[in-house]
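# Residue-level structural notes
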Amino acid sequence: MPTEEELFAAVDTLLAGEPRMPAPAERARLREAAGITQARLAQVLQTTTQSVKNWETGRAEPRPPRRQAYQRLLDGWAQQFPPEEAPESFRADPVTLPEPAPPAQTPAAPERHDTRPTAPPRTREERRTARKPASPTTDRRFENGPLAVIDVEDGQVLAYCVGGLVLDVPAKSLPSLVDWTLTEAGLGQARHHRNGRDGDPLLVLTTAALERYGLPTALSDEERRAGRLPDSHKAVKQLTRTDWKLTRRGLGPWARIYRPAEGAKRNCVQLCIPAWNALDAREWDDRNAPRLPSMHPADLARYLGAYAQRVMTPRGTAAVTGLELMTALRPPTRAEKDPATGEFTRALNDDALTAVYDVVECEVPDEHPLLKGRFARHHLRTPAEMLMEEPYDWCRPLTDEECMRQYLVAIDINMSFAAAANGLTVGLNGPTHLTGNPPFDPSLPGSWLVDLSHVDLSRVEIDGRTVDGDRLPSPFTPKGDRPTGPAWYATPTVAYAVELGYEVAPVEAYVRTRTGRYLDAWYKRLRDAYVTTMADLGVTTGMGGTEFLQAMARSRETDPTMALLAGAIKATAKGGIGKLRQRNRGQVPYYEPWPALERETWRPDIRAAVLANQRIGLHRKLMKTAAAADLYPVAIGTDAVVYPSPGPSPLDVLPHTPEGKPVPGTFRLGISPGMVKHQGTRTVLWAEEQFEEQGGVFNITNHIKTDPAAGEGE
């Protein structure tokens, strides 16, 4: 038991106050006055140079016992090198001089990586120490950004955050790393919608970090097939002993570690492990020349941090993130106060997908449980049995006249699936079955069984002109073949037949009566992210024609990291739409329910509507182009179109008005979603050689590429 004198001494110490550290700028001044480098000081205090830099910029504070040693050193330097005072003659007289007006507060502009080709390259040290001032609107809970890349350098664990910030990580084990992330790191992301939830902090573990925290640097074949470490692994047991839980995915490439929420406060950290193929090269990297394996942690933090800030914190693959973004922007529920009791209850949002509804036989894929016993084994469903709304995969032989043109020019539609989702009315509730030859209603999204074989494109007038229907694909089938009888179509496809001037007579339909433009906010978020990223690469929305083509040719060399970001955003848009009808990937036997079916966002009818709208929008431009310039495509692959051309540039083939502007309704060069860019050019002679080698005409769209990343469907 302490004596009275010991207690009084402890109280006197408390009254005297704890020693206060000098301000960060003063720490740097004292060190420089003493002629000591940061590296030398780090050596004396047995820490890293980066830690000293963080202390002198105010980004971190030393911990005991280094704090006491650092304090003693600074006190000694303060006595040797006191701050210089201004000479008496330069001091302001508070009596005779009027008080100056306060200067206008101009917020510091965030440091940005100059993307111009003439800018000198930055060194690794400059990249690591660059600082980005916090925005006035930054949520102070997440002041250090949405994520951090955890690496180990010279024995010290470092967390590379957005804006060049680097934090010291004191955690010695995986559970303590999770604790540090939630209590000290200042990581996370504010909700995207007032009824949504905040984004959990994301930690990206490098190979060195895996070794530090007792995780394997590569998964075994068995672990890779399972997609996770076994529950018997030491790291999993550490988490279990400290009351941390893992989701059903376990400790795999994308892992979630959590404890039950405390009210509105979530206790969850997400891990991303690139060494376990968390960042698939098909979505996050350049698969022809991968950069992520050798990317410095600071650059990886810049890349993923920019993605998180412009799209959202990654939740898995780009496709998974695209689907999660839909829910983040259109949350299914909200808290609503009960006027009778005064308590908050769970209420559903009318503009969201709020429940798992019954599905329709024609809309589900072949392996769905609903089809068990419905068809013979290996039966291929026909268009009259299955909704087949897919992108184009079409080609035709060149005419003699087209063979006289020297080139084949391929143009690619920017983010075509996202553009097709913009303004699209989709169903938000379950299906209603209409029978007895119901009249077609374009305001009701859903699936219609109808015969469109009577639609003849050659009889359709566009701006008073007719077109050659034999040289255009049918708008109603992915292969471009003319329908031969009744088939299931999504509402946009049937509406286009009416737009072309033909009557339609549905036999039956499955429609949704509660509707909305569910994907509008999702489209706008991805559009803004893509346009902003392309502006970083030197391509802006105001460009067109030659200026645009030249800027696109330079863009991939301007900033390779931002070029990867543009690709990831496009993969998010495409993959998010695909996830609306995620198929069984072998998780369960045929005709057995798979996990995706439990989601409110498993909506094959919405995916079908988007793909139908994309194909119809493309065909509408084909018709306009054919009517305006007697110009017809020879191949279409998803969102890329190949035209015969007298010259190698899109400017040689796309129709223009006498004033030099694009003909309204036709393809237009530009960077915005729905506009087109140059995918590549080949000669007609090359195409004929390809046809001869393959023994016939085939779709050459994806073989005509100047940019290897273009033309893969966006």
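Computed from a predicted structure; not experimentally measured. Within any chain, residue numbers begin from 1 and follow the written order of that chain's sequence. pLDDT decides what is reported in this predicted model: residues at 70 or higher carry local features, side-chain atom pairs at 80 or more are listed and counted, and totals for whole chains, interfaces and linings draw on all residues regardless. Working from all heavy atoms in the structure, the side-chain values ignore hydrogens and water.

Attention now moves to the pairing of strand S2 (residues 156-161). Most of S2 sits out of view: six of its six residues are buried. Each residue is placed in one exposure class: buried if its accessible area under a 1.4 Å probe, protein chains only, is under 20% of its type's maximum, exposed if it is over 50%, and partly exposed if it falls in between. Under the DSSP-based scheme used, a helix requires at least four consecutive residues in state H or I and a strand at least two consecutive residues in state E, with every element numbered from the N terminus. Burial along S2 is two-sided: the residues Gln156, Leu158 and Tyr160 and Val157, Ala159 and Cys161 are all buried. Note: two strands are recorded as paired if DSSP finds a minimum of 2 bridges between them. Inspection of the sheet shows strand S1 (residues 147-153) paired to S2 by six bridges, in the antiparallel sense. Note on S2: the bridge partner recorded for Val152 is Val157. Turn length for the S1-S2 hairpin, with the two strands adjacent in sequence and antiparallel, is two residues, and the turn residue Asp154 shows positive phi of about 55°. Where S2 folds back onto strand S3 (residues 166-168) in an antiparallel hairpin, the turn is made up of four residues, including Gly163, whose phi is positive at roughly 75°.

Moving on to the packing of aromatic side chains. Two aromatic rings, drawn from Phe, Tyr or Trp (for Trp, its six-membered ring), form a pair once their centres lie within 6.5 Å of each other, and the interplanar angle then sorts them: stacked below 30 degrees, edge-to-face above 60, tilted otherwise. Applying the stated criterion across every chain yields a total of nine aromatic pairs. Ring geometry for Trp284 against Tyr307: centres 4.9 Å apart, planes inclined by 70°, an arrangement best described as edge-to-face. Placement of Trp284 in helix H11 (residues 281-284) and of Tyr307 in helix H12 (residues 297-310) is noted, with a sequence separation of 23 residues between them. Centre to centre, the rings of Trp488 and Tyr510 are 5.9 Å apart; their planes meet at 40°, and the pair counts as tilted. Within this pair, whereas Trp488 is found in strand S17 (residues 486-490), its partner Tyr510 is found in strand S18 (residues 508-512), the two being separated by 22 residues in sequence. By relative accessible area, Trp488 is classed as buried at 7%. The rule is short: NZ of Lys or CZ of Arg within 6 Å of the ring centre and within 35 degrees of the ring normal puts a charge over the ring. Sitting over the face of the ring of Trp244, Arg259 holds its NZ or CZ atom 3.8 Å from the ring centroid. Note that Arg374 overlies the ring of Phe375, its terminal NZ or CZ placed 4.8 Å from the centroid.

Using protein atoms alone on a 1 Å grid, points that fit a 1.4 Å probe yet trap it form a cavity, whereas open point sets bounded by protein on both sides within 12 Å along at least five of seven lines form a pocket; residues with an atom within 4 Å of a point count as lining. Grid points are joined across faces, edges and corners, and a volume is the space filled by probe spheres set on the points. Scanning all chains against the criterion turns up one cavity of 30 Å³ or more. Volume-wise, the largest cavity comes out at about 60 Å³. Lining the largest cavity we find Glu363, Leu387, Met388, Glu389, Glu390, Arg581, Pro604, Arg607 and Ala608.

Here we come to the sheet that holds strand S5 (residues 245-246). Taken in spatial order, the seven strands of this open sheet run S3-S2-S1-S4-S7-S6-S5, and their pairing is mixed. Strands at the two margins of the open sheet, each flanked by one partner only, are S3 and S5. Note on definitions: a residue-residue contact is assigned when non-hydrogen atoms from the two residues lie within 4.5 Å. Orientation is described by lines fitted to C-alpha atoms, with helices fitted over the stretch in contact, and by angles between N-to-C directions that extend from 0 to 180 degrees. Relative to the sheet, H12 contacts S1, S2 and strand S4 (202-205), its axis offset from that of S1 by approximately 170°.

By the bridge criterion, five bridges tie strand S8 (residues 333-337) to strand S9 (residues 344-348) in an arrangement that is antiparallel. Bridging from a neighbouring strand, Ala335 pairs with Arg346 of S9. What sits between the antiparallel neighbours S8 and S9 is a turn of six residues, in which Gly342 has the positive phi angle 80°.

Take helix H5 (residues 66-80) next. In this scheme, a helix's expected span is set at 1.5 Å multiplied by one less than its residue total. Compared with the 21 Å implied by 1.5 Å per residue over 15 residues, the 21 Å span of H5 between its first and last C-alpha is a close match. Inspection of H5 places Tyr70, Gln71, Leu74 and Trp77 among the buried residues, and these make up the whole buried set. Looking down the long axis of H5, one finds its buried residues gathered within 130° of arc, a one-sided arrangement. More than 90 degrees from the buried face of H5, the exposed residues found are Arg72, Gln79 and Gln80. The arc in question is formed by the directions pointing from the helix axis toward the C-beta atoms.

To continue, consider the sheet that holds strand S11 (residues 407-413). Across the sheet, which stays open at both edges, the five strands sit in the order S10-S20-S21-S11-S22 with antiparallel pairing between neighbours. With partners counted over all chains shown, the strands left at the sheet margins are strand S10 (392-395) and strand S22 (676-683), one partner each. Taken pair by pair, the neighbouring strands of this sheet meet at an average axis angle of 20°, ignoring direction. The pairing of strand S20 (residues 635-638) with strand S21 (residues 640-645) spans three bridges and is classified as antiparallel. Bridge pairing links Ile636 to Val641 in S21. Set on the sheet, helix H21 (residues 684-694) makes contact with S11 and S22; between it and S22 the angle comes to about 70°.

Close approach of charged atoms lets side chains of opposite charge pair. The term salt bridge refers to a pairing of a side-chain nitrogen on Lys or Arg with a carboxyl oxygen on Asp or Glu at a separation within 4 Å. Counted under the stated rule, the structure contains 37 salt bridges. Two residues, Asp200 and Arg266, come together in a salt bridge whose shortest N-O distance is 2.8 Å. With a gap of 66 residues between them, Asp200 in the loop between helix H7 (174-183) and S4 and Arg266 in strand S7 (residues 265-272) connect regions that are remote in the sequence. On the basis of relative accessible area, Asp200 is assigned to the buried category, the value being 9%. A relative accessible area of 30% means that Arg266 is categorised as partly exposed. Two residues, Glu324 and Arg315, come together in a salt bridge whose shortest N-O distance is 3.2 Å. When salt bridges that share partners are traced, they join Arg396, Glu402, Asp468, Arg471 and Asp630 into one network.

Just geometry here; none of it tells us what the structure is for.
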